[in-house]
Every structure is written in structure tokens, then in C-alpha cells.
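Residue-level listing of the chains:
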Amino acid sequence: MELLVFKTLWGHTGSIEHAVTAARKGEFDGIEGQAPANAGLRREFQTTLGNAGLEYIAEICTAGGYVPDRRASVADHLDSFRWQAEAAVECRPRFLTVIAGCDAWPLSASVEFFGAAMEFANQLGIAVSFETHRSRSMFNPWITRDLLLALPWMQLTCDFSHWCCVCERLIDTEPDVLALCAERAHHVHARVGYDQGPQVPHPAAPEFRAALEAHERWWQMIWQAQEQRGVTTSTVTPEFGPDGYLQCAPFTQTPAADLDEINAWMAQRERRQFAERKSAGCT
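Quantities reported herein were computed from a predicted structural model and do not represent experimental measurements. (Residues numbered from 1 in each chain as written. Predicted model: local features only at pLDDT ≥ 70, side-chain atom pairs only at ≥ 80, totals over all residues. Heavy atoms only, no water.)

(A) Just helix α1 (residues 16-25), in detail. Along α1, the residues classified as buried are I16, A19, V20 and A23. Looking straight down α1, one finds its buried side chains confined to an arc of 100 degrees; they lie on one side. Those residues of α1 that are exposed and angled more than 90 degrees off the buried face are H18, T21 and K25. Next to the buried residues of α1 lie β1 (2-8), β2 (30-33) and α2 (39-52). In the stretch just after α1, E27 is the one whose phi turns positive, near 60 degrees. (Buried < 20%, exposed > 50% of the residue type's maximum accessible area, 1.4 Å probe, protein only. Helix = DSSP H or I, 4+ residues; strand = E, 2+ residues; numbered from the N terminus. Arc of directions from axis to C-beta. Contact = heavy atoms within 4.5 Å.)

(B) Examining helix α5 (residues 141-150) more closely. Every buried residue belonging to α5 is among P141, I143, T144, L147 and L148, and all of these are buried. Taken around the axis of α5, the buried residues stretch over an arc of 165 degrees, which confines them to a single face. Each element contacted by the buried residues of α5 is listed here: α4 (107-124), β6 (156-158), α6 (161-167) and α7 (175-184). For α5, the N-terminal capping position is held by N140, with its side-chain oxygen 2.9 Å away from the main-chain nitrogen of W142. (Polar contact = N/O pair within 3.5 Å; in protein donor to acceptor, adjacent residues only side chain to side chain.)

(C) Spotlight on the confidence of the model for the protein chain. Taken residue by residue, the protein chain gives an average pLDDT of 97. The fraction at 70 or more is 100%. Ranking the elements of the protein chain by mean pLDDT puts α1 last, at 94, and β6 first, at 99. (pLDDT = per-residue confidence, 0-100.)

(D) Broad picture of the pattern of salt bridges. Throughout the structure, instances matching the rule amount to 13 salt bridges. The partner of K7 in a salt bridge is D260, with the nearest N and O atoms 3.7 Å apart. One end of the pair, K7, is in strand β1; the other, D260, is in helix α9 (residues 259-279), with 253 residues separating them in the sequence. On the accessibility criterion, K7 (14% relative accessible area) is buried. Given the relative accessible area of 53%, D260 is considered exposed. A salt bridge links R209 to E213, with the shortest nitrogen-to-oxygen separation between them at 2.9 Å. With R209 and E213 both in helix α8 (residues 209-229), this residue pair falls four residues apart, about one helical turn. By sharing partners, the salt bridges in this structure join D159, R191 and E239 into a single network. (Salt bridge = Lys/Arg side-chain N within 4 Å of Asp/Glu carboxyl O.)

Given below as C-alpha cells:
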């Protein structure tokens, strides 16, 4: 099994050309982010990535931004997913990673939505992976477990940093849920959360070593489960980001660390972790 590492567009404020240059400089295999809204820009986007030899993972947020419109119905989320998915496939993504649903929904509404979304993605001929994300249907381990049991074909983008924040603890306390998620894991967002937030100030900081090592144990579980399923390529996106995730000093708003440096550090570390596992004959 090989590992492909993607560079996130979250927090990127320059052009796609600048993002491509940064991705190639950091030896990333591709880019993950939302597809351009304009058809012409999507064609340009796809051409630019193709010319650079970079792959693409398309990110979709249904019925709002990272936090959904609280009043949006299941039908609203499905409409939002459908038009964004149709636009994204024009950029020839490897798959869709989707932040979807609402934390306030009953389980039946989430089952209805995710079942219909998977059916539509199948009609488009594109793989779809749903992220474990705060404010969304899979905002905690236990509702996610129930959804996975109700929808046997559902695949996950595992971002366990959200759950550490929601549950106020490292989620080694939930081994059965972690094992089930590993069985369904399609993609990993490699951000390190801790008991009071979804993003440590810097994953290399010694005071957050326990949190880093916990996440890496969970990612290792995913790689092992993927290997057992016969997966030939695993994907990961280091996804430390801005927008309140990156801690800043009060009054001056000076960032605690440089996002590009953090994500580059995370990419290098997980490549090394994967290579060490492979050399040990684990994959």
C-alpha cells in the first residue's frame, strides 16, 4: 500500500498557481479543497493541476459553510450536495470528501440524507467520503457508530480532532468506535486535537506529545484496516487551519505558529511514520 499526501487549500489566499507551486515545493501528491464556482475557472483549475502532475480531492460543505444553516432541511442538504458534486466532478477529483448534515438532526434524518447522497454519488460514478466534523451529523463518536451500522457502505473521512474537542478527551476511551471507523476509513485529515480544542498550537510541541501520539495510533489503525481490506493507496491531508483553529495572541492577533510550516511538518512526519511501518513489514 502506498501513501499519497495532499495539501489543503483551507487558509490559502493566493492563486491556484501559487498553491500548485507550494504543493510541488512541499512534495505533496495533490491538492484538497473546494472546486471553483465558475465553470471556466473549474476547467482552468483542472488543467493547472493536470499540467503540474497533481491529483485532486474535492471538498464539499452542504447547506452552508463549515457550520450548516440550522434551518436547512434534508432536502436542502441534498440539493446542495448534488449541485456541488456535479460541479466538482468537472475537475476530475480522485473522490469527494463531504462535510454534511446537521448535529441537531435525529438519526433517521441523517440516515435518509447520507443514503440518498451515496446513491447520487454512485450515479455520478464518483467515490464519496463523509467527514467526522463538529456541527454536522457525525459530530461525536456514538452517533457516527449508529450511522455506520445503519449504512454499511458508508465511507469516512476521519478527522478525530473534532471528537477530542467535543468529548473533552482523547478518544482512546472508545476503542470499539475507533475500530469501526478504521474499517470504514477512506481518507484521513491529519490534524491533532486535544481535550480543549480541535487543533493544538503546534504538533511538535512537547506539551502536546500525548495528543500527537494518540492521533497517530488511530491513523495506524486505519492503515492496518485498509491493508486488510486490500486497499492499495491511502490518502491523507494535513489540515491545520485558520478561522479560529490557529491560536493567536490577544490584542495583536499574532499567530502561535505558521500554518504552512505546521502542515509541512505534519506531512513529513506521517510520510516517515508510514515508511517505517512499511519497512517493518506492516503494510
